[in-house]
Amino acid sequence: MKELFKILHRSELDGAEKYGSCASCGKERDVYKIEFTSDNTDSTSISLCEDCLYAFGNEVYEMYMAEIIDH
């Protein structure tokens, strides 16, 4: 199965991809690139700092738990 998304710290990337700021708060340190890839190899990405990434993860988890409880 093809990987649908990957999360990489910007320091692990090369060239201009190493640089970017958080799409949520604008922070420029400890930023992660989250890349989503479809089956036909089209991709899109977003950058989130560590704090915003954890907040996003918590939100996803809460949505998941709400779905489990509702069903």
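Heads up: the structure comes first, above all this text.
Residues numbered from 1 in each chain as written. Predicted model: local features only at pLDDT ≥ 70, side-chain atom pairs only at ≥ 80, totals over all residues. Heavy atoms only, no water.

1. Describing the pairing of strand β3 (residues 43-49)
1) Next: Relative to β3, strand β2 (residues 31-37) runs antiparallel, the two being bridged by 7 bridges. Within β3, the residue paired with Phe36 across the bridge is Thr44.
2) Next: Hairpin connection, β2 to β3: the antiparallel pair is bridged by 5 residues, and Thr41 has positive phi, about 70°. (Pairing = 2+ DSSP bridges. Helix = DSSP H or I, 4+ residues; strand = E, 2+ residues; numbered from the N terminus.)

2. Focus: unusual backbone geometry
1) Next: Its identity is not glycine, yet Asp30 carries a phi of approximately 50°, on the positive side.
2) Next: Take Asp30: it is sitting in the loop between β1 (5-9) and β2.
3) Next: Of the residues examined, Asp30 reaches a relative accessible area of 39% and is grouped as partly exposed. (Buried < 20%, exposed > 50% of the residue type's maximum accessible area, 1.4 Å probe, protein only.)

3. Remarks on the nonpolar core
1) Next: By size, the foremost hydrophobic cluster in this structure holds 7 residues: Cys22, Tyr32, Ile34, Leu48, Cys49, Cys52 and Leu53.
2) Next: Those elements giving two or more residues to this core turn out to be β2, β3 and α1 (50-70).
3) Next: Apart from the residues within four sequence positions on either side, Leu48 is in contact with Cys22, Ser24, Asp30, Val31, Tyr32, Ile34, Leu53 and Phe56. (Core = buried A, V, L, I, M, F, W, Y, C linked by side-chain atoms within 4.5 Å. Contact = heavy atoms within 4.5 Å.)

4. What about the sheet that holds β1?
1) Next: Here we have 3 strands laid out as an open sheet, ordered β1-β2-β3, and antiparallel in their pairing. Both outer strands of the open sheet, β1 and β3, are each paired with one neighbouring strand and no more. For this sheet, the mean inter-axis angle between neighbouring strands, taken without regard to orientation, is 20°.
2) Next: The pairing of β1 with β2 spans 5 bridges and is antiparallel. (Axes fitted to C-alpha atoms, helices over the stretch in contact; angles between N-to-C directions.)

5. Some thoughts on the environment of Ile7
1) Next: Here Ile7 is to be found in strand β1.
2) Next: In the structure, Ile7 is positioned 37 residues away from Thr44 in sequence and 12 Å away in space, judged by C-alpha atoms.

6. A short note on the pattern of salt bridges
When charged atoms on two side chains of opposite charge get close, those side chains can pair.
1) Next: Enumeration over the complete set of coordinates arrives at 3 salt bridges.
2) Next: Taking the shortest distance from any N to any O, the salt bridge between Glu35 and Lys6 comes out at 3.7 Å. Remark: Lys6 occurs in strand β1 and Glu35 occurs in strand β2; sequence separation between them is 29 residues.
3) Next: Residue Glu35 is classed as buried on the basis of its relative accessible area of 17%.
4) Next: Exposure remark for Lys6: the relative accessible area of 35% places this residue in the partly exposed category.
5) Next: Across the salt bridge formed by Lys33 and Glu35, the nearest N and O atoms sit 3.5 Å from each other. (Salt bridge = Lys/Arg side-chain N within 4 Å of Asp/Glu carboxyl O.)

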